[in-house]
Each structure stands twice: as C-alpha cells, then as structure tokens.
Amino acid sequence: YLCDTLSVVVIGASGDLAKKKTYPSLFALFRSSYLPEHVQIVGYARSQKTDKDFRATLRDYLAAKCDDDEVIDAFLKKCFYRSGGYDDETAIEKVAMEMAGMEQVSGHEVANRLFYFAIPPSLFTKVAGALKAAATNHNGWSRFIVEKPFGSDLESFETLHESLSDMLEEKETYRIDHYIGKEAVQNLLVMRFANSIFEPLWNRNHIASVVISFKEDFGTKGRGGYFDKSGIIRDVMQNHLMQVLTMFAMEAPARQSGDYIRNEKVKVLQAIPPIRIEDCITGQYISDDEGIEQAYIDDDGVPDDSKTPTFAALVMYINNPRWDGVPFIMRAGKALNERKSEVRIQFKRAPGSSLLFPDTGNGSTLSRNELVMRLQPNEAVYMKMNIKSPGLAGDPVMSELDLSYKTRFPDKFSDLPDAYTRLMLQVLRGDSSAFVRDDELREAWKIFTPLLHAIDDGKIEPIKYKAFSRGPAEFDEMAERHGYVYSG
Ligand code: BG6
C-alpha cells in the first residue's frame, strides 16, 4: 500500500465521467492492492441517493471490467454516497466529520485525502473553497485531481487559474490529461531515450515531417451540447495531442519524475509560435449516405447553424535548433472512417537514391521511411522500410518492421491498465510528472488562442464531410503542401 489510511472524495460522483472512469480506475487499484485496507470512497453530488442505490449503479460499470462478484462487493463496501450543493460548506463539513470518524477507526495517526473533481470547471473554485475550509484540516496530505477543460482560451485560463490558485497550491493540484497516462504515450519516453539508434535521427536533418492524428469513427453521440462549446481543437488538440507532441519533441529530461519532464515540455511549447489561420482547415460532419450517423447539427443541444468544427487539421513549427523547419501536422476528427491515433514520422529521401533506384515506369517511386507509433487501438510501433522485392526483378518494395504489443506481449495486451488507473496511482505516489503544470497550459493556450478566436468569430468556414469518410479531402493537399509525401 502507498499509505495506511486513505479517504477519496469524488465530487460529481453521479456524472458520467465518475462512473465510467474514476470509479473503475479506483476499482482497478483496489484489485491490484494499491489501495490500503483502510480506504473509504465518498461520492458527493447534488442528487439524493442512498449508499445502496449508488452502489447498485456503480456495480454495472465495475461488472463490465471484472466477473468476480466477491471483489466487486468488497470494493463497494468501501463506497459511500452523500448529497449536497457544491458550495455548501455545511454539507461538506458534515462529510468531513464523517470521514474523520471513519479514519479514526483505522487507529493510524496519519490519514490522506484525495479529492477528485469530476465536475464542470465553473464549479472548481466554489468546491475548492468549500473543501479547503471544511475538509483539509487533518493530519495527512490533501491532493486534488482536476479535469479538463481548464479554460477555453488564454484569458479564461488565467482567470480560472488565478481564482483556483488562491485556494489550492500548485503542488497539490493534479490537472489530469488522460493521454499522458496511455501506455503508448508513456512508451514515447522509453522508445526515444532508451534506444541509441533514434537520437541521431530525431531532428531536422533526417525528419521531413511529423503527422499526429486522432481519428474517431463515431460522432458526438448525445454529447453535442457540451462539444458545441468547445469544438475538436479544444476537445482533443490543445490538450491531448499537444501532450503527445511535447513528449515526442522534448529534449531528454534528467530524471523521469518531479518537474524534469514538465520543464522540458514547457520549453517545446515556448518555441512554438501561435498557429496561423492560413495553416488550419476545419470540417463538420454531415450524415453518411445510409443515415447511420446523423449530422452533427442534429445531435442533442447543437444549434442548427452551428459552425463548431468536428474536424481540424493544422500545422505548427517548433523554432528551436532540433526542429527548425520541420512541419508538425496535426489532424483530429470525429465520425471518420476509422478509430486510430498515431504519430507518423516521415524521414527525408534516402540521399542519392534517385539514380540508384529510378522510377521503373510501373508507377512506383522509392517510398520514404516512416516510423509510426500507433497509440490506439492495438498499440504498435512499426518502421516502414524499402526492401528488395523477392524474385528476379529487383524493385524496392515497402515493407514493415513491426513491433505490435499484441504479438510481443500476448498475455499482457488484453489487460493493459487504463490511462486513468495509471494516473491515479501516480497521484497516490505524489508524482506529478504526468500531470499538466500551470505554465504548460498557459503556453499551450498561447499557441491556440488566436486561431480559436478566429474560429469562434466565424472566420474559418468548416468544410462539410460525410460521416465515416476520411474527412475533408483538403487535408491531403494541405499535408502535401507542407512536405508530407504520400507513398507512390
Ligand atoms: C476526451 C474528449 O477528452 O477524449 C472526447 O472529450 C474524446 O471527445 C476522448 O472522445 C478520447 O479519448 P480516448 O482515450 O478514447 O482516445
């Protein structure tokens, strides 16, 4: 166990996020014995419910992960539910007193408290204020996990940050971005810095372009009301994909923990100028031909004239000695032809290859080497290489050196920990290296804010694309213009 007595308070416990992510992750930690014997998990939200009702709701979500009823029962015994307003200090004080009572039973002097904010950011400050006043005056640490969105542009970020930092210290604030907790994103660190073959190639001398893609094969599915206020750039690019980009591009940190990694990430962000409007295209999906996916504007809560992008592609440059001139192309979209996230590094043409391997007239030219890190699904790393085609003819043919997790780790593959589980464990360990620091967010907002304002002001018209298609065809042209070469 990482501590003797632990109280977890999930604020917004009856919401979707808590049920789908927070509780299942706590359950996964419980199953793997990472939670102490003396743990209590108090769900807090406005709706009235008994412990029994609440446990019954949770059971369905946990049963999806585990078929051992005894383990589920043992976990649910640790779960309680209390209702109250989010700024209701008296109700929170009552919960704190009850918690203290349960903590005392353990007989340990020190009890730690973890507060999980599964609530909209507009409530963060109120809740933090009420908790600070009523629930953190105990002997042990208090840590606060805060969900996105943390602001919607630079200004709103600063306002929220200022009011929240009056209540919470930076070192006790864990801003979660679940992409950092993904197995394949963590692997970026190992791939890059534990292998000697990549470092000499990992720069502008050898890399022609980097494409970071996020594709989902479903639409907003009833989340349109929420999504319409953010759009795809705020939803996944400014946070999740920027985290992938910084881990890909940063210099080697001196250590894996503490602030070492975050310091390096911030330096990358500081070297990226704001994205220019002309370097971005956006799109919005319409229904597919069969009408399986309705048009975005027909989703609940989306206004008929919404111009919110459900697809975006943009280019940014990192102005530092390692990356000067290398386009980082980002693409993200909902309701596309497949679900896949990856980082694709395209290397420069092999020098001198054009005479050695001329176009043989069958339409194929020598393809570029690519290193692809597939983040999901089916985590994999593969390298696209030219080899001789077998037989009497000697044309180079593209082949793959393939390291897929599924074949390399058949036993572990189906049971990889969820990103939230990994991150929650890090909070218990007091390791904030995988959480987003205030300056990281500030820098990321600086890069995106002018573009977001232009989109909000209707200066970029989203191109309509059919659901389940590859998205706007203009993307290919844009990627080519910025140096990405499609294989012949
Ligand atoms: C969330 C976004 O943060 O990330 C969703 O709000 C998106 O719109 C999700 O679907 C993607 O996460 P994952 O782990 O399924 O790739």
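Residues numbered from 1 in each chain as written. Predicted model: local features only at pLDDT ≥ 70, side-chain atom pairs only at ≥ 80, totals over all residues. Heavy atoms only, no water.

If you check an unreviewed UniProt entry, the protein chain appears there as Glucose-6-phosphate 1-dehydrogenase from Chondrus crispus. Its UniProt record, at the heading Pathway (unreviewed entry), says of the protein chain: "Carbohydrate degradation; pentose phosphate pathway; D-ribulose 5-phosphate from D-glucose 6-phosphate (oxidative stage): step 1/3." Note on the protein chain: under the UniProt heading Catalytic activity (unreviewed entry), the record states "D-glucose 6-phosphate + NADP(+) = 6-phospho-D-glucono-1,5-lactone + NADPH + H(+)". (UniProt positions renumbered as here; feature names shortened; annotations may be inferred.)

Asker: How should I be thinking about the overall build of the protein chain in this particular structure?
Answerer: Across its full length, the protein chain carries 15 helices and 15 strands. Computed over its C-alpha atoms, the radius of gyration of the protein chain comes to 24 Å, within 12% of the 23 Å expected for a compact globule of 488 residues. Projecting the C-alpha coordinates of the protein chain onto the three principal axes gives extents of approximately 80 × 50 × 45 Å. Split into buried and exposed, the 488 residues of the protein chain put 54% on the buried side. Considering only contacts within the protein chain whose residues lie at least 6 apart along the sequence, 77% involve residues at least 24 apart. Carbon together with sulfur atoms contributes 50% to the accessible area of the protein chain, which is approximately 21900 Å² in total. In the protein chain, 60 side chains carry a positive charge and 72 a negative one; their mean positions are 3 Å apart. (Helix = DSSP H or I, 4+ residues; strand = E, 2+ residues; numbered from the N terminus. Rg over C-alpha atoms; globule rule 2.2 N^0.38 Å. Buried < 20%, exposed > 50% of the residue type's maximum accessible area, 1.4 Å probe, protein only. Contact = heavy atoms within 4.5 Å. Areas by Shrake-Rupley, 256 points an atom, 1.4 Å probe, with all protein chains shown as cover. Lys, Arg positive; Asp, Glu negative; His and termini not counted. Charge placed at Lys NZ, Arg CZ, Asp CG, Glu CD.)

Asker: Help me understand the pattern of salt bridges, please; the structure alone is not making it clear to me.
Answerer: Where charged atoms from two side chains of opposite charge approach closely, those side chains can pair. Tallied over the entire structure, the rule returns 36 salt bridges. Notably, a salt bridge pairs Glu199 with Arg322, separated by 3.0 Å at the nearest N-O pair. Placement of Glu199 in the loop between helix H7 (183–193) and strand E7 (207–215) and of Arg322 in the loop between strand E9 (311–317) and strand E10 (327–333) is noted, with a sequence separation of 123 residues between them. Connected through salt bridges with shared partners, the residues Lys215, Glu338, Lys340, Glu342, Arg344 and Glu370 form a single ionic network. (Salt bridge = Lys/Arg side-chain N within 4 Å of Asp/Glu carboxyl O.)

Asker: Would you explain a negative patch on the surface in this entry?
Answerer: Residues Asp67, Asp68, Asp69 and Glu70 make up a contiguous surface patch of negative charge. Following the sequence through the fold, Asp67 ends up in the loop between helix H2 (51–63) and helix H3 (69–76). (Patch = residues over 30% accessible without salt bridge, like charges linked within 9 Å, V, L, I, M, F, W, Y side chains within 5 Å.)

Asker: What is the right way to read the site of the ligand from this model?
Answerer: Lining the immediate surroundings of the ligand are Lys148, His178, Tyr179, Lys182, Phe214, Glu216, Arg223, Asp235, His240, Lys334, Arg339 and Gln376. Between the ligand and Tyr179 there is a distance of 2.4 Å, counted from an oxygen atom to a side-chain nitrogen or oxygen. Separating an oxygen atom of the ligand from a side-chain N or O atom of Lys334 is a distance of 2.8 Å. Calculation on the ligand without its partners gives an accessible area of 400 Å², and the protein chains cover 81% of this total. (Near = heavy atom within 4 Å. Polar contact = N/O pair within 3.5 Å; in protein donor to acceptor, adjacent residues only side chain to side chain.)

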